[in-house]
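One-letter residues, chain by chain:
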Amino acid sequence: MAALIYDNAIYALGTFIGEGTFLKTLNLLRFWLHALITPTLILFSIASMREANIKWAQQSWVLLFGVLYTIVAIFIEIITVLNGLVLQASKEYGALSYSSAEEASGPPIMILMVLIALLIAGFMLWWKAKWPWMFIGTLIMIIGSVVSFDINSNAMTNAFELILLFTLVWTKKQLDLNRLYVH
């Protein structure tokens with residue numbers, strides 16, 4: 001959530017800060033936070049299943065796989081997005097920021113990896129713990145990313161990210177409540 005808040009704050013403040021090295025550095029940090037923090041949602045997925053007492057998720061190999069999968073997702077983002085990244089100033093919908101000078105060549109692999117983990121965990125939580133909201137939030141995020149909306153703003157993408165984060169926080173709160181009542 002902190003990375004999403006930072007991301008939006010830099011977009012909002014970009015015009016006030018103005019073009020230059022300082023704003024460019026702040027935007028570069030956005031890319032690095034995205035690469036290093038977003039994949040940790042894979043670990044959240046595994047932790048959620050473990051906390052819900054989903055038996056196969058309790059096995060040590062699942063946690064090891066999750067850690068390795070997270071590391072691979074981080075390295076893929078570093079190699080495919082950050083390696084050779086050239087930022088250029090751009091003004092979109094009145095907001096000044098720095099974005100990649102190159103168009104994305106293909107789907108965002110790291111994001112797909114994270115969404116797969118969230119979908120699996122969300123489905124398992126729905127099936128085993130009767131908690132559908134992580135799955136629904138992930139599905140809304142996927143649909144929101146695929147469907148194009150005729151709105152002159154990046155707010156839709158941020159809204160879908162916010163919905164996803166809300167359902168993840170809600171899932172964590174629900175798992176915490178269940179643990180209090182079980183123990």
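Let me sum up the structure you'll find in this document.

## Some points on the packing of helix 4 (residues 60–82) against helix 5 (residues 109–129)
In a pair of packed helices, the angle between the axes and the distance between the axes together describe the arrangement.
1) Next: At a minimum axis separation of 8 Å, helix 4 and helix 5 run at an interaxial angle of 155 degrees. Considered as vectors, helix 4 and helix 5 are oriented roughly antiparallel to each other. The two elements helix 4 and helix 5 cross, and the hand of that crossing is left-handed. Within the contact between the two elements, helix 4 uses Tyr69, Val72, Ala73, Ile76 and Glu77 and helix 5 uses Ile109, Met110, Met113, Ile116 and Ala117.
2) Next: Of the residues assigned to the contact of helix 4 with helix 5, the class counts are nine nonpolar, no polar and one charged.

## Considering unusual backbone geometry
1) Next: Here Asn53, not a glycine, exhibits a phi torsion of approximately 60 degrees, which is positive.
2) Next: Tracing the chain through its elements places Asn53 in the loop between helix 3 (40–51) and helix 4.
3) Next: Since its relative accessible area comes to 55%, Asn53 is described here as exposed.
4) Next: Not every positive phi belongs to a glycine, and Lys130 is a case in point at roughly 60 degrees.
5) Next: Taking the relative accessible area as the measure of exposure, Lys130 reaches 62% and is therefore exposed.

## A word on the nonpolar core
1) Next: By size, the foremost hydrophobic cluster in this structure holds 27 residues, and its most contacted members are Ile42, Met49, Ile54, Leu118, Leu125, Met134 and Leu168.
2) Next: Only helix 3, helix 4, helix 5, helix 6 (133–146) and helix 7 (155–182) provide two or more residues apiece to this core.
3) Next: Element by element, the count of residues in this core is highest for helix 5, at nine residues.
4) Next: What Ile54 contacts, discounting residues up to four positions off in sequence, is Met49, Met124, Leu125 and Lys128.

## Quick look at the side chain of Thr171
1) Next: The residue Thr171 is located in helix 7 in this model.
2) Next: Each residue touching Thr171, except ones within four places of it in the same chain, is listed here: Leu125, Trp131, Trp133 and Met134.

## A few points about the pattern of salt bridges
A side chain with one charge may pair with a side chain of the opposite charge, provided their charged atoms come close.
1) Next: Counted under the stated rule, the structure contains three salt bridges.
2) Next: The salt bridge involving Lys172 is made with Glu51; its shortest N-O contact spans 3.3 Å. Of this pair, Lys172 sits in helix 7 while Glu51 is found in helix 3, placing the two residues 121 residues apart along the sequence.
3) Next: Classification of Lys172 by relative accessible area gives partly exposed; the value is 30%.
4) Next: Using a relative accessible area of 22% as the deciding quantity, one classes Glu51 as partly exposed.
5) Next: What emerges from the salt-bridge pattern is a single network uniting Glu51, Lys172 and Asp176.

## Points about the environment of Ala2
1) Next: Topologically, Ala2 is positioned in helix 1 (residues 2–17).
2) Next: Assessed through its relative accessible area of 61%, Ala2 is described here as exposed.
3) Next: In this structure the C-alpha to C-alpha distance between Ala2 and Ile37, which are 35 residues apart in sequence, comes to 9.5 Å.

## Points about helix 5
1) Next: Taking 1.5 Å per residue as the helical rise, helix 5 with its 21 residues ought to reach 30 Å, and the 29 Å between its terminal C-alpha atoms agrees with that figure.
2) Next: All of the buried residues along helix 5 are Met110, Met113, Val114, Leu115, Ala117, Leu118, Ala121, Gly122, Met124 and Leu125.
3) Next: Within two residues after helix 5, Lys130 carries a phi angle of roughly 60 degrees, on the positive side.

## Here's the deal with the pairing of strand 1 (residues 87–92)
1) Next: As paired elements, strand 1 and strand 2 (residues 95–100) share six bridges and run antiparallel to each other. Note that in strand 2 the partner of Lys91 across the bridge is Leu96.
2) Next: Between strand 1 and the antiparallel strand that follows it, strand 2, lie two residues; Tyr93 among them carries a positive phi value of about 55 degrees.

Reading guide: rules and limits
- Residues numbered from 1 in each chain as written.
- Predicted model: local features only at pLDDT ≥ 70, side-chain atom pairs only at ≥ 80, totals over all residues.
- Heavy atoms only, no water.
- Axes fitted to C-alpha atoms, helices over the stretch in contact; angles between N-to-C directions.
- Helix = DSSP H or I, 4+ residues; strand = E, 2+ residues; numbered from the N terminus.
- Parallel < 35°, antiparallel > 145°, perpendicular 65-115°, else oblique.
- Left-handed = near helix turned anticlockwise from the far one by under 90°.
- Contact = heavy atoms within 4.5 Å.
- Nonpolar A, V, L, I, M, F, W, Y, C, P; charged D, E, K, R; others polar.
- Buried < 20%, exposed > 50% of the residue type's maximum accessible area, 1.4 Å probe, protein only.
- Core = buried A, V, L, I, M, F, W, Y, C linked by side-chain atoms within 4.5 Å.
- Salt bridge = Lys/Arg side-chain N within 4 Å of Asp/Glu carboxyl O.
- Expected span 1.5 Å × (residues − 1).
- Pairing = 2+ DSSP bridges.

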